[in-house]
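Structural overview for review
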Amino acid sequence: MDNCDDRPCDPHLMRGAGIIAILGAIALIAGNVVGSILVPGHDWVADTVSDLAAGRYEIIQDVTLYCYAGSLLALAIAAAHAHPGKRAWNFVILGLALLALCVTIIAVRNEYGDGDNEGVVIHIYVVYAMGVLFTAVFALAGLVGQHLGLTRVSWVCAALWGIGAPVFFLLPTAYDGAFERFLGVVTTVWVCCFGWQLIRSPGRVQTSR
């Protein structure tokens, strides 16, 4: 079996993944802004993002969540293609793929924000999983992501999420929406930094031990 470290990264795949990642992150932010404006009575400080993904205008937030899931999946593909040969990087790849799945589930399952408590409610458990996964992906990328230039931004994002995610569940509902958006922006910053590295120097993103 040949070693993946001996195979150069395809620059077209790297650039494509980077572009998809950045566009998906931009779509997520834009959709949130538009949804916050169009949804009657929505308070972006007090109401969470999940509230925008249910109700009459749910399609706006749902579509942008699908776009962001695409961003995370694109990064998972790029990360697998640019494997540094370190075992911890496997968890970064799998973590990104699982995060894409979590974001998709949140978009598909309209069991929040509309007062509907019937059936199996899994939203909160998916949110818990995302808190753990984002923190782990950021930390591991900071640990073994030197070949992608992600060390510093990953450690900063890991610290912000590692502290901020638990704090979110302790905040009063009067302003937990704003704090949730802050955490979301942290993830988009990391996604865009990763994507920009793939676009800026796709040929340099070559694996090495």
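The following paragraphs examine the structure supplied in this document. (Residues numbered from 1 in each chain as written. Predicted model: local features only at pLDDT ≥ 70, side-chain atom pairs only at ≥ 80, totals over all residues. Heavy atoms only, no water.)

Things to note about the overall build of the protein chain
For clarity, the threshold we go by: A helix here means a DSSP run of H or I that spans at least four residues, while a strand means a run of E at least two residues long, and both kinds are numbered starting from the N terminus. Only protein chains enter the accessibility calculation, which uses a 1.4 Å probe; a residue whose area is less than 20% of its type maximum is buried, one above 50% is exposed, and one in between is partly exposed. The criterion used for residue contact is that any of the two residues' heavy atoms lie within 4.5 Å. Here the accessible surface of atoms and residues is derived via Shrake-Rupley with a 1.4 Å probe, and residues count as covered only by protein chains that are part of the display.
Within the protein chain, the secondary structure is distributed over seven helices and zero strands. Helices and strands in the protein chain line up, N terminus first, as α-α-α-α-α-α-α. Here the protein chain holds 209 residues, and the buried ones make up 45% of them. Taking all contacts inside the protein chain whose residues are at least 6 apart in sequence as the whole, residues at least 24 apart take part in 73%. Working note: accessible area of the protein chain is about 10,400 Å², and carbon and sulfur atoms make up 69% of it.

Overview of a nonpolar patch on the surface
Basically, it comes down to this: Within the patch definition used here, like charges are joined within 9 Å and nonpolar side chains (Val, Leu, Ile, Met, Phe, Trp, Tyr) within 5 Å, considering only residues with over 30% relative accessible area and no salt bridge. Whenever a carboxyl oxygen of Asp or Glu lies within 4 Å of a side-chain nitrogen of Lys or Arg, that contact is scored as a salt bridge.
Together, Ile29, Val33, Val34, Ile37 and Leu38 make up an exposed nonpolar region whose accessible area comes to about 440 Å². On the secondary structure map, Ile29 appears in helix α1 (residues 11-38).

Some details on the environment of Leu101
The topology assignment puts Leu101 in helix α4 (residues 87-108). Its relative accessible area of 48% is what places Leu101 among the partly exposed residues.

A few points about the packing of helix α5 (residues 123-144) against helix α6 (residues 151-168)
Here is the rule: The angle between two axes is taken between their N-to-C directions and runs from 0 to 180 degrees, where each axis is a line fitted to C-alpha atoms and a helix contributes only its stretch in contact. To sort the angles, those under 35 degrees are grouped as roughly parallel, those over 145 as roughly antiparallel, those from 65 to 115 as roughly perpendicular, and the leftovers as oblique. A clockwise turn of the near helix away from the far one marks a right-handed crossing, whereas an anticlockwise turn of less than a right angle marks a left-handed crossing.
Orientation of α5 relative to α6, taken along the N-to-C sense of each, is 150 degrees, at an axis distance of 7 Å. Between α5 and α6, the angle falls in the class roughly antiparallel. Crossing of α5 against α6: the hand is left-handed. Note on element contacts: α6 touches α5 through Thr151, Ser154, Trp155, Cys157, Ala158, Trp161 and Gly162, opposite Met130, Gly131, Phe134, Thr135, Phe138, Ala139, Ala141, Gly142 and Leu143.

Focus: the nonpolar core
Put simply, the rule reads: We define the nonpolar core as a collection of buried residues of types Ala, Val, Leu, Ile, Met, Phe, Trp, Tyr and Cys that are connected through side-chain atoms lying within 4.5 Å of one another.
Ranked by size, the top nonpolar core spans 49 residues in total, and within it Leu72, Leu96, Trp190 and Phe194 carry the most contacts. Looking at this core, the elements with two or more residues in it are α1, α3 (58-81), α4, α5, α6 and α7 (176-200). In terms of residue count, α4 provides more of this core than any other element does, 11 residues in total.

Some remarks on the packing of aromatic side chains
Applicable threshold: Each aromatic pair joins two rings of Phe, Tyr and Trp (for Trp, the six-membered one) with centres within 6.5 Å, and gets the label stacked for planes under 30 degrees apart, edge-to-face for over 60, and tilted for any other angle.
Across all of its chains, the model carries eight aromatic pairs by this definition. Summarising the aromatic geometry, the rings of Tyr128 and Phe169 are spaced 5.2 Å apart at their centres and angled 55 degrees between planes, so their arrangement reads as tilted. With Tyr128 in helix α5 and Phe169 in the loop between α6 and α7, this residue pair connects regions lying 41 residues apart in the sequence. Tyr128 sits in the partly exposed class, given a relative accessible area of 42%. Here the aromatic rings of Trp190 and Phe194 are separated by 5.4 Å at their centres, their planes lie at 80 degrees, and the arrangement is edge-to-face. With Trp190 and Phe194 both in helix α7 and four residues apart, this pair spans about one turn of that helix. For the pair Trp190 and Phe194, one class covers both residues: buried. Following the ring pairs from residue to residue traces out a cluster consisting of Phe134, Phe138, Trp161, Trp190 and Phe194.

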